[in-house]
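Spelled out from the first residue to the last, the chains are:
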Amino acid sequence: MANCKPKPNNLKNSTEHLTPGTYCGEWKFKGSVSKIELAPGTYVFNNATWVTNADIRGTDVTIYFNDKDSEIVLNGQGSLSLSAPTAGTYEGIVMYENPGITQLSSMKVNGGSGEIMSGLIYLPSRDMTWNGNSSLNADKLTMVLNSLVLLGTTDWKVEPFESKGIQAPGSGGTTEQVFRTVRLTPN
């Protein structure tokens, strides 16, 4: 695994600009951080957690969770607005995990968040829960999860996305095929 990005001493600017690379450890974005801008590219989480109530935004972004303890914890009124790359090795993949993870874990989105997502979310070892008043708008989205729980008032508008094989960074081109898929479609 590549070297970890150094964590800034102060993560409380109104907008934090992050670049692709390997993130390790816990990153707490303080209450004054209202937006996290992700530059295009691949973000590798290696035993890493981002804790925030900010809006996380990125186009042509892939987030790779290398282990079961890596996650994004979205609290309060934060939101995710992420779209997958439209070309290249990770075309169509917005979030995925190491296919070797066998231990179940959870990922939660809390509060009144509003998400705009596009691409494949491949997290088969995760139980994903959306709590509170959440909304999701997606032109094309496929989610591969162990389970999906929606609590509170939810308003999801999703169109299925054609999934591709999954390749871990640095795996030498080996792909894993998607077997279990949860597809949400508009009524």
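A.B. asks: Describe the overall build of the chain, with residues and values.
C.D. replies: Looking only at helices and strands, the chain features zero helices and 14 strands. Along the chain, helices (α) and strands (β) appear in the sequence β-β-β-β-β-β-β-β-β-β-β-β-β-β when read from the amino end. Classification of the 187 residues of the chain by burial places 43% in the buried group. Considering only intrachain contacts with a sequence separation of at least 6, the fraction spanning at least 24 residues in the chain is 38%. For the chain, the accessible surface area stands at approximately 8700 Å², while carbon and sulfur atoms represent 46% of it.

A.B. asks: A description of unusual backbone geometry should follow, citing residues and the corresponding values.
C.D. replies: Glycine aside, negative phi is the norm for most residues, and most peptide bonds take the trans geometry. Despite not being glycine, Asn47 shows a phi value in the positive range, around 50°. For Asn47, the position within the fold is in strand β4 (residues 41-52). Classification of Asn47 as partly exposed rests on a relative accessible area of 48%. Not every positive phi belongs to a glycine, and Asp60 is a case in point at roughly 60°. If you trace the backbone, Asp60 turns up in the loop between β5 (55-58) and β6 (61-65). On the basis of relative accessibility, which here comes to 31%, the residue Asp60 falls in the partly exposed class.

A.B. asks: Give me the pattern of salt bridges: which residues, what numbers.
C.D. replies: Counting across every chain of the model gives five salt bridges. Its salt-bridge partner being Glu26, residue Lys28 comes within 3.8 Å of it at the nearest N-O pair. Here Lys28 falls in the partly exposed class, since its relative accessible area comes to 45%. Residue classification places Glu26 among the partly exposed residues on the basis of a relative accessible area of 41%.

A.B. asks: Lay out the nonpolar core with the relevant residues and their values.
C.D. replies: Of all hydrophobic cores here, the largest spans 35 residues; its most connected members are Leu38, Trp50, Ile63 and Met95. Element by element, the count of residues in this core is highest for strand β11 (residues 114-130), at five residues. Non-local contacts of Ile63, meaning those with residues more than four positions away in its chain, are made with Leu38, Tyr43, Phe45, Ile72, Leu82, Val94, Met95 and Tyr96. Ranked by size, the runner-up nonpolar core spans eight residues in total, among them Tyr64, Tyr90, Leu120 and Tyr122.

A.B. asks: Outline the side chain of Ser125, supporting the account with residue identities and numerical values.
C.D. replies: Within the element layout of this structure, Ser125 appears in strand β11. A polar side-chain atom of Ser125 sits 2.8 Å from a polar atom in the side chain of Glu97.

A.B. asks: How would you explain the side chain of Ser70 if you had to name every residue and give the values?
C.D. replies: With respect to the helices and strands, Ser70 occurs in the loop between β6 and β7 (71-74). A distance of 3.0 Å separates the side chain of Ser70 from the backbone nitrogen of Ala48, its partner in a polar contact. Once you skip the residues sitting within four places of it in the chain, Ser70 turns out to touch Phe45, Asn46, Asn47, Ala48, Phe65, Met107 and Arg126.

A.B. asks: Summarise the state of the cysteines; cite the residues concerned and give the values.
C.D. replies: On inspection of all chains with the given rule, the structure shows one disulfide. A sulfur-sulfur separation of 1.8 Å characterises the disulfide bridge that pairs Cys4 with Cys24. An S-S torsion of about -65° defines the bridge between Cys4 and Cys24 as left-handed. Of the two residues, Cys4 sits in the segment before β1 (15-18) while Cys24 sits in strand β2 (residues 21-28), which places them 20 residues apart along the sequence.

A.B. asks: Go over the packing of aromatic side chains, please, and point to the residues and values.
C.D. replies: Across all of its chains, the model carries eleven aromatic pairs by this definition. Taking 6.4 Å as the distance between ring centres and 80° as the angle between the ring planes, the aromatic pair formed by Tyr43 and Trp50 counts as edge-to-face. Neither Tyr43 nor Trp50 differs from the other in exposure class; each is buried. With a centroid separation of 5.1 Å and 65° between ring planes, the pair formed by Phe45 and Phe65 is classed as edge-to-face. Here Phe65 lies in strand β6 and Phe45 lies in strand β4, a separation of 20 residues in the sequence. Of the two residues, Phe45 and Phe65, neither departs from the other in class, the shared state being buried.

Parameters at a glance
- Residues numbered from 1 in each chain as written.
- Predicted model: local features only at pLDDT ≥ 70, side-chain atom pairs only at ≥ 80, totals over all residues.
- Heavy atoms only, no water.
- Helix = DSSP H or I, 4+ residues; strand = E, 2+ residues; numbered from the N terminus.
- Buried < 20%, exposed > 50% of the residue type's maximum accessible area, 1.4 Å probe, protein only.
- Contact = heavy atoms within 4.5 Å.
- Areas by Shrake-Rupley, 256 points an atom, 1.4 Å probe, with all protein chains shown as cover.
- Salt bridge = Lys/Arg side-chain N within 4 Å of Asp/Glu carboxyl O.
- Core = buried A, V, L, I, M, F, W, Y, C linked by side-chain atoms within 4.5 Å.
- Polar contact = N/O pair within 3.5 Å; in protein donor to acceptor, adjacent residues only side chain to side chain.
- Disulfide = S-S within 2.5 Å.
- Phe/Tyr/Trp six-rings, centres within 6.5 Å; stacked < 30°, edge-to-face > 60°.

Honestly, it's all geometry; don't read function into it.
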